[in-house]
Amino acid sequence: MSASTTNSSVFILTGFPGLDQYYPWFSIPFSSIYAMVFMGNCLVLHVIRTEPSLHEPMFYSLALLALTDLCMGLSTVHTVLGILWGLSQEVSLDACIAQTYFVHGLSCTESGVLLAMAFDRFTAICNPLRYRSILTNSRVIHFMVTIVLRSAVSILPVIRLKFFHYCRPHVLSHSFCLHQDLLRLACSDIRFNSFYALALVICTLLLDAVLILISYVFILHTVLAIASREERLKSLQTCVSHLCAVLVFYIPIIGLTMVHRFGKHLSPLVHVLMGNIYILFPPLMNPIIYSVKTQQIRSRMKKWFSLKM
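Just so we're clear, the structure is a prediction, and the values are computed from it rather than from any experiment.

What counts, and at which threshold
Residues numbered from 1 in each chain as written. Predicted model: local features only at pLDDT ≥ 70, side-chain atom pairs only at ≥ 80, totals over all residues. Heavy atoms only, no water. Helix = DSSP H or I, 4+ residues; strand = E, 2+ residues; numbered from the N terminus. Rg over C-alpha atoms; globule rule 2.2 N^0.38 Å. Buried < 20%, exposed > 50% of the residue type's maximum accessible area, 1.4 Å probe, protein only. Contact = heavy atoms within 4.5 Å. Areas by Shrake-Rupley, 256 points an atom, 1.4 Å probe, with all protein chains shown as cover. Lys, Arg positive; Asp, Glu negative; His and termini not counted. Charge placed at Lys NZ, Arg CZ, Asp CG, Glu CD. UniProt positions renumbered as here; feature names shortened; annotations may be inferred. Expected span 1.5 Å × (residues − 1). Polar contact = N/O pair within 3.5 Å; in protein donor to acceptor, adjacent residues only side chain to side chain. Phe/Tyr/Trp six-rings, centres within 6.5 Å; stacked < 30°, edge-to-face > 60°. Axes fitted to C-alpha atoms, helices over the stretch in contact; angles between N-to-C directions. Parallel < 35°, antiparallel > 145°, perpendicular 65-115°, else oblique. Left-handed = near helix turned anticlockwise from the far one by under 90°. Nonpolar A, V, L, I, M, F, W, Y, C, P; charged D, E, K, R; others polar.

1. What about the overall build of the protein?
Along its length, the protein carries eleven helices and two strands. In sequence order, the secondary structure elements of the protein are arranged as α-β-α-α-β-α-α-α-α-α-α-α-α. Taking 2.2 N^0.38 as the reference for a compact globule, 309 residues should give roughly 19 Å; the C-alpha atoms of the protein span a radius of gyration of 21 Å, in line with that estimate. Taken along the three principal axes of its C-alpha coordinates, the protein extends 70 × 50 × 35 Å. Counting the 309 residues in the protein, one finds 46% classified as buried. Across the protein, the fraction of contacts at a sequence separation of at least 24, relative to all contacts at a separation of at least 6, is 78%. Here the protein displays about 15800 Å² of accessible surface, and carbon together with sulfur accounts for 72% of that area. Each charge class in the protein was averaged separately, 22 positive and 13 negative side chains, and the resulting centres sit 6 Å apart.

2. Points about the UniProt feature "transmembrane region" (unreviewed entry) in the protein
Using the residue numbers shown here, the UniProt feature "transmembrane region" (unreviewed entry) corresponds to residues 22-47, 59-81, 101-119, 140-159, 195-227, 239-263 and 269-292. Its end C-alpha atoms 27 Å apart, residues 101-119 is made of 100% helix and 0% strand. Annotation note: span residues 269-292, helix share 100%, strand share 0%, distance between end C-alpha atoms 33 Å.

3. Side note on helix H2 (residues 23-50)
Over its 28 residues, H2 extends 40 Å from the first C-alpha to the last, a length consistent with the 40 Å expected when each residue adds 1.5 Å. Of all the positions in H2, only Tyr23, Ser27, Phe30, Tyr34, Val37, Gly40, Asn41, Leu43, Val44, Val47 and Ile48 are classed as buried.

4. Section: helix H4 (residues 93-126)
With 34 residues, H4 should cover 50 Å at 1.5 Å per step; its first-to-last C-alpha distance of 49 Å lies within 8% of that length. Most of H4 sits out of view: 24 of its 34 residues are buried.

5. Some points on the side chain of Thr123
Counting through the fold element by element, Thr123 comes out in helix H4. A polar contact is formed between the side chain of Thr123 and the backbone oxygen of Phe119, at a distance of 2.8 Å. Beyond its immediate chain neighbours, meaning those up to four positions away, Thr123 contacts Pro128, Tyr131, Ile134 and Leu135.

6. What to know about the environment of Cys126
When you line up the elements, Cys126 lands in helix H4. Note on Cys126: relative accessible area 26%, which makes it partly exposed. Between the C-alpha atom of Cys126 and that of Phe218, which follows or precedes it by 92 residues, the distance is 7.5 Å. Once residues within four sequence positions are removed from consideration, Cys126 is found in contact with Phe218, Ile219 and Thr222.

7. A short note on the side chain of His179
Looking at the element boundaries, His179 is found in helix H7 (residues 179-185). Within the local environment of His179, its side chain forms a polar contact with the side chain of Asn193, the two groups lying 3.0 Å apart. Leave out the neighbours within four places in its chain, and His179 touches Thr100, His104, Val158, Leu161, Asn193 and Ala197.

8. Things to note about the packing of aromatic side chains
Applying the stated criterion to the full structure yields eleven aromatic pairs. When the ring of Phe16 is compared with that of Phe26, the centres are 5.4 Å apart and the planes differ by 70°; the resulting orientation is edge-to-face. With Phe16 in the loop between strand S1 (10-12) and H2 and Phe26 in helix H2, this residue pair connects regions lying ten residues apart in the sequence. Judged by relative accessible area, which is 25%, Phe26 ranks as partly exposed. Plain terms: the ring middles of Tyr22 and Phe26 are 6.4 Å apart, the flat faces sit at 35° to each other, and that makes the pair tilted. By way of ring pairs, the aromatic residues Phe16, Tyr22, Tyr23, Phe26 and Phe30 are connected into one cluster.

9. A short note on the packing of H4 against helix H6 (residues 137-154)
Closest axis-to-axis distance for the H4/H6 pair is 8 Å, and the angle between their directions is 150°. As the angle between them shows, H4 and H6 are arranged roughly antiparallel. Our pair here, H4 against H6, has a crossing hand that is right-handed. Touching Tyr101, Gly105, Cys108, Thr109, Ser111, Gly112, Val113, Ala116 and Phe119 of H4 are Phe143, Met144, Ile147, Val148, Arg150, Ser151 and Ala152, all from H6. Across the contact of H4 with H6, the residue classes break down as ten nonpolar, five polar and one charged.

Have a look at this one:
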């Protein structure tokens, strides 16, 4: 097993160690979750597209967030369900690198979208009279294009994985491919990729998180200066859905990073579970959060479903 997986360009994905006999049962909730991710995000996109009142800067950002979550599910579902359905645990190097590119690129995109949404809330609360002039539709679209391009270009060094020599057994620690997982198996000089991955996390995810935090410090300062308690609560309620989306995204990604950095003594099952939470939880929760907490989307969905009935 070790020799064959070392000398080939095929990698073995890890399912749920020790729970192989339960895969048919696990496939039921996983398939259901992926179906909910697909339908939930498609529904959000459909509502935003068909409702003219939602053609505003905040909802353009939400549409990109839903599209990002949809792509995250589509880029990982085939390998996870392939294992659970007993179809294949093998993935070629090229397919693994492509999946790595999309997983990390989409994470950077989601972080950028959450930052753009934080700026939207900051402008709406701290500078409401100039909101329309600052966040025009064309400017927001330019922001969205910049976020996507930043992610697509910044993650390009992942392609260097193609030219590494993988001398260790080709067994990955997740049911999908990650950059750090492939680096762990390489015997080539990986210093650039290791440094670049750390720099990328600092310059995108960490910087975005800090800027989001700063925006909410200013928002809180502005809200507390409002005399009316009702107005304060109303202003804060417009931020609840975004704050939930930020927590839903950053908590799993921080947890997965901590497990990779400091959890080498942990069971492989913990690594697999954290990896699946990382790719499943945000795409599943974001449509629920915005459908429940955003009045415009909630009312449009009620109207849409009542017409269907």
